[in-house]
Structure formats: structure tokens, C-alpha cells
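Structural overview
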Amino acid sequence: TQGVRIDAAHDQVLVDGQPVQCASQKVYVLLHKPIGYVSTAFDPQGRPTVLELLPPNLQALRVYPVGRLDIDTSGLLILTNDGDFALHMTHPRYSMEKHYHVLVKGYPMPQTLDMLRQGVMISEDDGKKHRTSPALVQIMHRAAGENCWLMLTIHEGRKRQVRRMMAAVGHTVVRLVRAGIGPIGIGDLPVGGWRMLSESEVKMLIEGTRV
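The following paragraphs examine the structure supplied in this document. Sequence order sets the numbering: in each chain, residues are counted from 1 along the sequence as written. Where local features are concerned, this predicted model is filtered to residues with pLDDT of at least 70; where side-chain atom pairs are given and counted, the filter is 80 or more; whole-chain, interface and lining totals use all residues. Note that water and hydrogens are dropped before the side-chain values are worked out from all heavy atoms of the structure.

**What to know about the pairing of strand β5 (residues 74–80)**
Heads up, the condition is: Partly exposed describes any residue whose relative accessible area lies between the buried limit of under 20% and the exposed limit of over 50%, with all areas from a 1.4 Å probe on protein chains only and scaled to the type maximum. Note on conventions: DSSP H or I runs of at least 4 residues are helices, E runs of at least 2 residues are strands, and numbering of each starts at the N terminus. We call two strands paired when DSSP finds no fewer than two bridges between them.
A large share of β5 lies buried, amounting to seven of its seven residues. Bridge count between strand β3 (residues 28–33) and β5: six bridges; the pairing is antiparallel. Paired with Leu31 across the strands is Leu77, a residue of β5. Sheet topology places strand β4 (residues 64–66) next to β5; three bridges connect them, and they run antiparallel.

Have a look at this one:
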């Protein structure tokens, strides 16, 4: 069939009754990622992706995750179609605090928390050792059984870093939730839910990550 030329300034395109915005429009989405979803736009293994949690009109704007969360980790994930914003948020030159709620087996001793605050040695996939940067950590409360919830803040974002940090000090992670990135928190957004970031929140993220 012959194509139809669209004037983005005057025409509105609907897909299944939903308006599709111009692909050049920059959007910023905050998503509460559930466990079991991968943080990619496409998964060759056929696992569900975080994009499937968004409506078709948002998917049509070609948004993609900024950074990643492991499939077995839930919590705050930002998606955008703004390449400059994504590069800024993930560039090593910038410091990005990531806040986690961590359910661990056992009750960490004060000296264990001090080890995390000073940095611990972890092993990466290639076998190389890495000493983590000092973390902010405190006990939130005891959980059922012998488990305990911690609040942990790190600046780095190495693969499975929080789980490896806790293993290095002798505690297995039972559940891991990213509660916030920089000045932005997950709030009361339900698991699987999403909302648009405001202009002021986007500005806070950009300005808040500058060294």
C-alpha cells in the first residue's frame, strides 16, 4: 500500500485508539520493575522484557532502559528515548547513588556493616577482583525468621554487585529491591506500574549526578 505523509505539527496518529506521539519527542519513564522481567528491549531467550509492561503508544516511542536490573531484582528502573540523557546517567564520569532495600539471611554484626562501609573485595565474572567503593549501610528492621532488611547505598553499578558484596561478608541476599536512583525514589508506585518523570525530576537527575 502507498504510504501516507504525516505532518507532526498538525496530524494526530492513533493506534488502537491511543495517540502516538512523534518519535522525536523525548520521554522519561519511571517503572517499578517486577522480578522475572529482563531489563532489555528484546530478549533472545524469549523471557518477558520490561517494555511489555508499557502501553503500545509508549513502546512506539522506542524507549529503552537506562542501565539494568537483574532478572531476580525488582525496583526502580528508568526508561527513555533520549540518548544524551541515557549516556549522562550511565557515564563513568558521573556519580550516581543507587539506593537498595536488601533482605539478607542472618543479622549482620556491627563490624560486618563497617566492612561494607570501607569497601569489600568481590570477584567478577571474568575472575578479576574488585574492591568496591565505600557504601552507606544501615539496618532497617528484622524480618521473619532469621532474616534482616538493610538499606544500602552504592555509587557503582557492577554486575550483581550488591549480591556479591553481601556474599563477601557472609550474608546471602534473599530479596533485592532498588528503592531509588539519586534524588528519585520509587515511592508508592505498585510493582509493574509506571509513570512519567516530570521535567523537574529529569532536571534533578541530570544536575544531581554531576561530580
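Next comes the rest of the account.
**Looking at the pattern of salt bridges**
Definition in use: Only one rule defines a salt bridge in this text: a Lys or Arg side-chain nitrogen within 4 Å of an Asp or Glu carboxyl oxygen.
Counted according to the given criterion, the structure contains eleven salt bridges. Taking the shortest distance from any N to any O, the salt bridge between Arg158 and Glu124 comes out at 2.6 Å. Placement of Arg158 in the loop between β10 (147–154) and α4 (161–168) and of Glu124 in the loop between β7 (121–123) and β8 (129–131) is noted, with a sequence separation of 34 residues between them. With relative accessibility at 34%, the residue Arg158 sits in the partly exposed group. Here Glu124 falls in the partly exposed class, since its relative accessible area comes to 21%.

**A short note on unusual backbone geometry**
One non-glycine residue, Arg62, lies in the positive phi region at around 60°. When you line up the elements, Arg62 lands in the loop between α1 (56–59) and β4. Residue classification places Arg62 among the exposed residues on the basis of a relative accessible area of 66%.

**Let's talk about the side chain of Asp82**
Rules: Between N or O atoms, a polar contact is any pair within 3.5 Å; within protein, one atom must be a potential hydrogen donor and the other a potential acceptor, and residues adjacent in sequence are included only when both atoms are from side chains. The contact criterion used is simple: two residues touch if any of their non-hydrogen atoms lie within 4.5 Å.
Locating Asp82 in the fold gives a position in the loop between β5 and α2 (83–90). Within the structure, Asp82 has its side chain in polar contact with the side chain of Tyr28 (distance 2.5 Å). Beyond its immediate sequence surroundings of up to four residues, Asp82 is in contact with Lys26, Tyr28 and Tyr64.

**Observations concerning the packing of aromatic side chains**
Here is the rule: Between 30 and 60 degrees the pair is tilted, below 30 it is stacked and above 60 it is edge-to-face, where a pair is any two Phe, Tyr or Trp rings, Trp via its six-membered ring, whose centres lie within 6.5 Å. Think of it as a cone above the ring: NZ of Lys or CZ of Arg counts as a charge over the ring if it is within 6 Å of the ring centre and within 35 degrees of the ring normal.
Inspection of the entire model under this criterion finds one aromatic pair. One cation-aromatic arrangement involves Arg142 over Tyr107; the distance from NZ or CZ to the ring centre is 3.7 Å.

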